[in-house]
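# Observations on the three-dimensional arrangement
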Amino acid sequence: MPNHPMVLVAVGTDHHRFDRLVDWVDRWAEAIGRDRAKVVVQYGSAAAPGFAEGHALFDHDALQQAMADADIVVCHGGPATIAEARRHGHLPICVPRDPAHGEHVDGHQQLFARRMGTAGIVALAEQEAEFTALLGRALAEPEAFRVEQRSATGQLPGTLAVGRILVELLGAAPTPVGVEPVGAPDHAPLPEPRVNVLFVAGLGRSGSTLIERLASQLPGHAGIGESVHLWERSLVDDELCGCGEPFSRCPFWSKVGDIAFGGWDQLDVKEVRTIKAMVDRTRYVPALVAPRSTRFNERLARYNELLTSFYRAVRQVSGA
């Protein structure tokens, strides 16, 4: 049998249906016929394609294999999906979800995809005619839709401008942990090494996870996820860590708790959550900038003490 190029379409796992993209793909696949390309669609919560090969979901390994096998990748405007496609050497054809069609909660995918399109990081299509034209060009000029794959060091060569910004911001070598200052007298106590934290703030589904992934690939840096949810999702709900174990059984986090607090069970979680609610809210930003209340200052000092112990322990366990 002839070896037809494979087109992979991935709409992600969002519960909003993306029937519009699935329909575009299915019409295009039927129009060109199976003798021109093999079209595989991961359609999520949308209706399954009628002509192309359809899969509601892929597990992680299956998706990685499909990305590796594909000649052309089409995706929604999710930053992680775009990054994965490029990691496998693809310039993805990106169709962002449109809230006007009930495909998402807001227009952040459109804004993100347009910026990525302007930067040449994706081939952007927001209308069906643009989409079919790009697919036709990809079949005719496959090399125009290829990029350099991730290197052995795990970097994403020549990709996101945000990556270059992070390199500039974080490129200075961090202070080595536990290094004694030059010229310090033997009897002088070592100052506690400063903890440098890159705190990424943003609305949900804004691309902050992608920024964290890029930052954690830089030497001397460790990504620890949304630590803002530590006290509730981890300590109370015992949600799964990225390693697959519940927080309470994760070796990394268990060691962090031991170093920071003598064990997580030594913390009064109810007290910590109460203090957090009294200082760590958007409404308290003015007070954080210019604290006035003595009670607020006391709560803030206690919360900072907890966070400092936490970050120092993370640095020690991760070596970052």
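Residues numbered from 1 in each chain as written. Predicted model: local features only at pLDDT ≥ 70, side-chain atom pairs only at ≥ 80, totals over all residues. Heavy atoms only, no water.

### Re the confidence of the model for the protein chain
Should pLDDT be low for a region, the predicted coordinates there are not to be read in detail. Here is the rule: A residue's pLDDT is simply how confident the predictor is in it, with values from 0 to 100. The contact criterion used throughout is that any non-hydrogen atoms of two residues lie within 4.5 Å.
Residues with a pLDDT of 70 or more make up 85% of the protein chain, whose mean pLDDT is 84. The low-confidence segment residues 151-160 (pLDDT under 50) makes 20 contacts with residues lying over four places distant or belonging to another chain. Note on residues 171-190: pLDDT is under 50 here. Beyond four places in sequence and across chains, it has nine contacts.

### Overview of unusual backbone geometry
Leaving glycine aside, a negative phi is the common case for residues, and trans is the common case for peptide bonds. So the rule is basically this: In this description a helix means any DSSP run of H or I spanning at least four residues, a strand means any run of E spanning at least two, and both kinds are numbered starting from the N terminus.
Positive phi is not limited to glycine here, since Asp238 has a value of about 55°. Structurally, Asp238 can be placed in the loop between helix H8 (230-234) and helix H9 (251-261).

### Comments concerning the packing of H9 against helix H12 (residues 294-318)
Describing two packed helices takes the angle between their axes plus the distance from one axis to the other. What counts here: Every axis corresponds to a line fitted to the C-alpha atoms, with the helix fit spanning only the stretch in contact, and the corresponding angles, defined between N-to-C directions, vary from 0 to 180 degrees. Should an angle fall under 35 degrees it is called roughly parallel, over 145 degrees roughly antiparallel, and 65 to 115 degrees roughly perpendicular, with every other angle called oblique. Each crossing gets its handedness from the near helix: less than a right angle anticlockwise from the far helix is left-handed, clockwise is right-handed.
Orientation of H9 relative to H12, taken along the N-to-C sense of each, is 130°, at an axis distance of 8 Å. Taken together, the axes of H9 and H12 are oblique relative to one another. Judged by the sense of rotation from one axis to the other, the crossing of H9 with H12 is right-handed. Residues Phe252, Trp253, Lys255, Val256, Ile259, Ala260 and Phe261 of H9 pack against Leu306, Ser309, Phe310, Ala313, Val314, Gln316, Val317 and Ser318 of H12.

### Examining the side chain of Lys276
Quick reminder of the rule: With a 1.4 Å probe rolled over the protein chains alone, any residue whose accessible area is under 20% of its type maximum counts as buried; one over 50% counts as exposed, and the rest are partly exposed.
Summarising the element assignment, Lys276 is placed in helix H10 (residues 269-279). Of the residues examined, Lys276 reaches a relative accessible area of 18% and is grouped as buried. Leave out the neighbours within four places in its chain, and Lys276 touches Val228, Trp231 and Tyr303.

### Topic: the pairing of strand E2 (residues 38-42)
Keep this limit in mind: Only strands joined by at least two bridges in the DSSP assignment are considered to pair. Looking down the strands as they point away from you, a crossover is right-handed if its path from the first strand over the helix to the second goes clockwise.
Along E2, four of the five residues are buried, which leaves the element largely enclosed by surrounding structure. The pairing of strand E1 (residues 6-10) with E2 spans five bridges and is classified as parallel. Of the residues in E2, the one forming a bridge with Val9 is Val41. Handedness of the crossover joining E1 and E2 through helix H1 (residues 19-32): right-handed. Note that E2 and strand E3 (residues 53-55) share three bridges and pair parallel. Among the inter-strand pairings, Gln42 is bridged to a residue of E3, identified as His55.

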